[in-house]
Every structure is written in structure tokens, then in C-alpha cells.
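Structural description and commentary
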Amino acid sequence: MFLIVGWPLLETIRLSFTNAGLGGEQYIGWDNYEKLLNNRKYPGIVGRTFYWMFLSVLLKMIIGTIGALLLNAKIRGKAAFRVMVMPPWIVPMAIGCIGWLWLYNGHFGILAGVLMRLGIIDGPFEFLAYKSSAFYSAVVTDVWIGTPMISIFILAAMQSVPDDLYEAAYVDGASRWYRFRRITIPQIMPVIVTMSLLSAIWTFNSFEVIWILTEGGPLGATTTMIIDTYKMAIANYKFGYGATRALMVVLSLAVFSLLYLILLNKINERYKTK
Amino acid sequence: MGKYTLFQKAGLYLAVLIFMTFILLPFLEMFMASLRPLEHLFRSPYQFWSNDMSFQAYLDIWDTVPMLGRYIFNSVFLASVTTLLCLSFVIPAAYAYARFHFKGKSVSLGLFLGVNMFAGAVLLIPLYKLLRSMGLLNTYAAMFVPGAAFLVPTGIWLLKSYLEKIPIELEESAWIDGASRIYILRKVVIPLAVPGLIVVGVATFIGAYAQQFLFAITFNQKREFMPLPAGIFEFVGYQSVIWNQLMAASIVGIIPVLLIFLFLQRYLVEGLTKGAIKG
């Protein structure tokens, strides 16, 4: 276990100080780091990665929570809906992305097709061909993949809220919205907080969606740190320089998680003293 | 408690409809595209329904990409081996975490979850070098070994919370009767943990099936070992994409996981969420 998980991390650290490639490797000190810090494009990639993560996770949490609420409502067929919500998560990402690839097709996909019929756009529109539309299209696909799991977990949290809380509030004349805000939200908060962090980490590392939809293009508009690392290390065989970038990913994630947890603690304390 | 008014009810159903459309639209579109003849796909303006739809593409896929059957077999095979390998690590480890107290327990558990964080793409480089130097690139092992390694932490985490719920008295009485640890694990714990094992097994299988793409395109270039998520891109040619067949093959490819999921979804949803919330 350590061999396959702990060792690669140490090896990555070691490699980041070398110029390893397909040939031999030599110790070159901090050169890779210097090169990376002087790389003009890199700050943009880092910023884009965090923006990608923030936007995607936010949407996943909002849609996921709404989805959980809907699945929790007392309506007919909710058992079937609960099953139907799962496929994006169950199906291999690569295959789900193929479906989206066609949806985004500017001439013949259903999105462009419907938009054209409605007259919102007056000609074919390639969603993945323009910088910003490609980025947001990738976000939508990523949200699609991530939402089901969040919905299911939040749903489970909602169901573990004791019924008597709702009944007591109902007897006291609390409206549905009030009950949601004052009972449901606080009760499911721990799960939301945990899921946000986990989801953030997964989104940060998400590879398949971007790779299949755009391979980081057009013009690098969807290149996140993971895609960038992969291109450098595996596609260009620059293991050493790639390792430096990989470590940046680990570092960013660690810093982010730490800040998130510290912030969380602060908030918790404030609630306690109130 | 508080019945919905008719108006609220309508709104609720509408919202469910919109939500479900978002979730299922890509699959619907895949299915629709797979039914259309290729030349029809490139017909503008967009038509939702037409008369020339057929299941022809489902017959043609086997000729266009003769290895397709092999890819599907590879996928199922790889996912199965990954699951077995993963479980053989997870069961003893989860048991140890659930029952014994040892130094560094919470630290190492944290590390395990940390692995989830550093997943796949970051550790690819050393794995790539390692597999290359061991001559394991372009083999099945190149895909299922890393695959299993990345699924072990989640598995331990899930199974641990399951095992903790098994009353310890049962094990203690077996212990007093002179049973060994291994014997207890085999004859007492595992039978009681079957529902938990199903959950972990299915979750692992699905995870293994889903993650194949990255490992496959990185560690393997041999066509005969390709799993479906990677092999399916053979329909994407240099000149043109045979869209309808690509979609048909995708749908054929997701049927195995969907079937497994449908049979076991009851356990899966319950087990996953229970373990996570109370664990």
C-alpha cells in the first residue's frame, strides 16, 4: 500500500529536482521551479483552475441540494426518480462525455438545434470552439457528472433529520420555507461542508471531462493544472518538469484544504459563542 | 403535515422534470443519435424525430471496430480483477481499523483519504516510470494495479464504518471458544458483513469501470488490452467521426454497469450514504 501510494509521492518530489526525460536524468536543483515561476502562462492556469473548481463546485452544491430536496418531496414515483438520478455517476465518465460531445456539436447537436429553432442563435454555434463557451461547456458537463452523488448524499442527510423537529415547528405554525431554513439547512450543514471539500478536491483533479471535450483547448482556454501537468509529463515525456507541476497541484490542494478547514473552525467557534 | 396545494404540486413536478431532463438528456441524445443513419445526423435544421431511424448502427459497430467485443470484455475483466485485488486489501485493513487500536491509526487513515486527494493525474509520472522500468507498460497489470491502489482508501473507509456496527460480543465469544483471529474474520465477521461487502464491491467495481480511461490512455498502447472507454475512440477517425456508431457502442458499453447497478442499487444507495453519514 505504501509502495504504490507513498513512494510515488516521494519519487515525484525527487524527480522535480531533475531533468528526467526519456533519456537519463540529472540533478538540476531548483531549476524547474525557477522555470515554472518565470513562466508567464502559469499564473493564468492556476487562476483558471481555481475558478473552474469554484464555479463547478458551487453549481454542483446548489443543483445537488435542489435535486435532493426534490427527491425528498412526497411525490409519486420518487423511488424511480432516485434511481434515475444516478446514471451520470455510474457510467464511465469517458462515455458520458461522448454524449456531451454530440450535444455540444454546433451544427447537429440538440442544444444548437433547439436554440436555432427558438431563434436565440441564428446559425450553427460550436460550443467547444470558442474560448469562453468551451470553458463553460466543460463546467456544465463536470457539474452533470458531479451532481448525482451530491444529491444522493444530501438526500440521505435530509432523511436522517428527526421528524419530530418538523412536526414541532409545524404545530408552532412555521411555514415550509421557514422550516427548510431553520431546520433542514442547519441539520444537513455538516454533510454539505464535507461534500463541498471532497467535491472541490475531485473537481480540481478532474481530468477526463476536459481531456475528452477539448484536450485543454481552444488556445488553452480549458487548460487546468492537471491537464497542463499531464501534457508536460506524459505527452511530452518531460518527467522532471512535469513532476514540478504535479507538486504544485498537490501543494495548491493542500493549502486550499487547510484554509478551508481553518475557516470552518472559525465559523464553528463563532456559532458556539453566540 | 402540511399538504401541498395543487399549484405547489405542479411546480414540484415541473422542477423534477427539469432536473431529470438535465440528468438524462445526454443519454437520450446518445440513444437518439445512435438510431439515426449517419447522413441524417448531418441534417440541418435539427429534427427530433424522423422516419429513417433504425437499429442498424448496433449491427454495424461490430464490423467497423472488430475489436469492440474485446474492448468490452477487457473493461469488465479489468474492473473485476481490480475489484478483487482491491477487496483483498480492503477487508483485512478495514477490519484492523475497525477493531484494533494501534499507534498512528488516525494519522494513517488520514493519509489514506489523502490519497484520494492526490488521485490519478498527479501520481501518474512516477507510476509511469515505475511501470516502464518494470516492463509492465502495455499489459493488463499496468491498468489494474494502479486502479486498485486508488480505490483502496475509499473502500477501507466505507467498510470500516460497516464493520464497526457488528457487535463485538460475537467476536469475543468466538475468541473465548479458542478461535483464531483469521478464523474469526473468516467465519464470523465476513458472513455478517456481506451487505457491507456488496456495497464496497459494487462501488469499487463501478469506480474501476469508470476510471479506466486515464490509466488506459497513459499506461497502455496495445489495442488488445484496451478497455472500452479508451477503445471506443477508434470510432473517432482522423477524417471523420462515425457518430451514430460511436453512440451505439457507448450505449452497449454502459449496459454492463447499468445492469449491475439496477440489480444492486437498493443496497448501494443505502449502504453508501449510511456508512458515510454515521461513520
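Source: prediction; values computed, not measured.

So, the overall build of chain B
Along its length, chain B carries 13 helices and 0 strands. Ordered by position in the sequence, the α and β elements of chain B form the string α-α-α-α-α-α-α-α-α-α-α-α-α. Each of the 279 residues in chain B was classed as buried or not, and the buried ones make up 43%. A sequence separation of at least 24 residues applies to 78% of the contacts in chain B between residues at least 6 apart.

Quick word on the interface of chain B and chain A
Chain B puts 60 residues into the contact, and the matching count from chain A is 67 residues. Elements that contribute at least two residues to the side of chain B that touches chain A include exactly helix H1 (6-35), helix H5 (105-117), helix H6 (124-133), helix H7 (141-163), helix H10 (194-210), helix H11 (212-219) and helix H13 (243-278) of chain B. A class-by-class count of the residues in the side of chain B that touches chain A yields 49 nonpolar, 9 polar and 2 charged.

Digging into the nonpolar core
Judged by nonpolar contacts, the single largest core of 144 residues is most densely connected at A:Cys97, A:Phe153, A:Leu213, B:Val90, B:Ala94 and B:Ile206. Every residue in contact with B:Val90, bar those within four places of it in the chain, is listed here: B:Val152, B:Gly155, B:Ile156, B:Leu159 and B:Val200.

Re the packing of helix H3 (residues 42-72) of chain A against helix H8 (residues 131-159) of chain A
All names here are of chain A. Two elements in contact, H3 and H8, have axes separated by 6 Å at closest approach and are oriented at 45°. Between H3 and H8, the angle is such that the two are oblique. Here the hand of the crossing between H3 and H8 comes out right-handed.

A word on the confidence of the model for chain A
On average, chain A scores 78 in pLDDT, and the residues at 70 or more come to 88%. The secondary structure element of chain A with the lowest average pLDDT is helix H1 (residues 2-15) of chain A, at 67, and the one with the highest is H3(A), at 86.

Some thoughts on the packing of H7(B) against H11(B)
Residues and elements named next belong to chain B. At a minimum axis distance of 9 Å, the contact between H7 and H11 shows a crossing angle of 140°. Accordingly, the angle class assigned to the pair H7 and H11 is oblique. The element H7 and its partner H11 pack so that their crossing is right-handed. For the pair H7 and H11, contact is made by Ala 142, Met 143, Pro 146 and Gly 147 and by Gln 212, Phe 215, Ala 216 and Phe 219, respectively. Of the residues assigned to the contact of H7 with H11, the class counts are 6 nonpolar, 2 polar and no charged.

Digging into helix H12 (residues 225-235) of chain A
All names here are of chain A. Burial analysis of H12 places 8 of its 11 residues in the buried class, which makes it a mostly covered element. Taken as a whole, H12 has its buried residues at Met 225, Ile 226, Ile 227, Asp 228, Thr 229, Tyr 230, Met 232 and Ala 233. Positive backbone phi, at 60°, marks Tyr 237, one or two positions downstream of H12.

Quick notes on the rules
Residues numbered from 1 in each chain as written. Chains lettered and ligands numbered in written order. Predicted model: local features only at pLDDT ≥ 70, side-chain atom pairs only at ≥ 80, totals over all residues. Helix = DSSP H or I, 4+ residues; strand = E, 2+ residues; numbered from the N terminus. Buried ≥ 20, exposed ≤ 12 C-beta atoms within 10 Å, placed from the backbone. Contact = placed C-beta atoms within 7 Å. Nonpolar A, V, L, I, M, F, W, Y, C, P; charged D, E, K, R; others polar. Core = buried A, V, L, I, M, F, W, Y, C linked by C-beta atoms within 7 Å. Axes fitted to C-alpha atoms, helices over the stretch in contact; angles between N-to-C directions. Parallel < 35°, antiparallel > 145°, perpendicular 65-115°, else oblique. Left-handed = near helix turned anticlockwise from the far one by under 90°. pLDDT = per-residue confidence, 0-100.

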